[in-house]
Amino acid sequence: AMSRHLGGLGVGDTVSLRANRGEFSYLGRGSYRIDEGTLRRANSLGFICAGSGITPALQIIRSILEDPGDETEVWLLYSNKTEKDILAREAIDALADRHGKRFVRWYSITHAQSRSKGWRYSTGRVTEWMLTLFMPPPDTETCITLCGPYGFVHECCIPVLEDIGHSNIFTF
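Now for a look at the structure at hand. (Residues numbered from 1 in each chain as written. Predicted model: local features only at pLDDT ≥ 70, side-chain atom pairs only at ≥ 80, totals over all residues. Heavy atoms only, no water.)

### Here we look at helix 2 (residues 54-65)
Residues spaced three or four apart along an α-helix point in a common direction, a consequence of the helix completing one turn every 3.6 residues. Here helix 2 spans 16 Å end to end across twelve residues, near enough to the 16 Å set by a 1.5 Å rise per residue. The set of residues buried in helix 2 consists of Ile 54, Ala 57, Leu 58, Ile 60, Ile 61, Ile 64 and Leu 65. The buried residues of helix 2 occupy one face: seen down the axis, they fall within an arc of 165°. The inward-facing, buried residues of helix 2 abut strand 1 (24-28), strand 4 (44-50), strand 5 (73-80), helix 3 (89-99) and strand 6 (103-109). (Helix = DSSP H or I, 4+ residues; strand = E, 2+ residues; numbered from the N terminus. Expected span 1.5 Å × (residues − 1). Buried < 20%, exposed > 50% of the residue type's maximum accessible area, 1.4 Å probe, protein only. Arc of directions from axis to C-beta. Contact = heavy atoms within 4.5 Å.)

In structure tokens, the structure reads:
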């Protein structure tokens, strides 16, 4: 959506952008810090992304999975409008193939009619079912991060995550 919007702008058009809502620093081997706060620890990190929100998450996911000494479990639920909109899908799938049970990834597309015949993931908006199955279970050493449009993050995902029992939730 962002790329299409920017691509449709003319010379002299303006764009208003919001800054991110905080800083998530992954320090390695399950250690992280939010903003300049206390050092925290996670055995499992869940990433819920929509569209270009995959960009910061994928950097952290790669950092975790490419460190042979990092045993942190990584979960990714990635939502897009169409299957063709899935950014870095080949890279994500390759990480899943290489890291097996340590990296759980799931896709969802909201425009079901756009899916290919071989599509084996979800269609429709992110649901409680998806958040329960494709995110780590609530725990004091589980952190869930979200990056995507405001409505997706704050109206669709966070209320359901809280209902499920997650309390350590961070938004990019």
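The discussion continues.
### Focus: the packing of helix 2 against helix 3
Between helix 2 and helix 3, the least distance of the axes is 12 Å, while the angle of their chain directions is 25°. Judged on the interaxial angle alone, helix 3 and helix 2 are roughly parallel. The two elements helix 2 and helix 3 cross, and the hand of that crossing is left-handed. Residues Ile 54, Leu 58, Ile 61, Arg 62 and Leu 65 of helix 2 pack against Ala 91, Ile 92, Leu 95 and His 99 of helix 3. When the residues that make up the contact of helix 2 with helix 3 are grouped by side-chain class, the tally is seven nonpolar, one polar and one charged. (Axes fitted to C-alpha atoms, helices over the stretch in contact; angles between N-to-C directions. Parallel < 35°, antiparallel > 145°, perpendicular 65-115°, else oblique. Left-handed = near helix turned anticlockwise from the far one by under 90°. Nonpolar A, V, L, I, M, F, W, Y, C, P; charged D, E, K, R; others polar.)

### Quick word on the sheet that holds strand 7 (residues 122-123)
The strand order across the open sheet built from six strands is 7-6-5-4-8-9, with neighbouring strands paired in parallel fashion. Of all strands in the sheet, those bounded by a partner on one side alone are strand 7 and strand 9 (169-171). Pairing between strand 6 and strand 7: two bridges, direction parallel. Residue pairing across strands places Ile 109 opposite Thr 123, the latter belonging to strand 7. Each of strand 5 and strand 6 touches helix 3; the most contacted strand, strand 6, lies at about 145° to it. (Pairing = 2+ DSSP bridges.)

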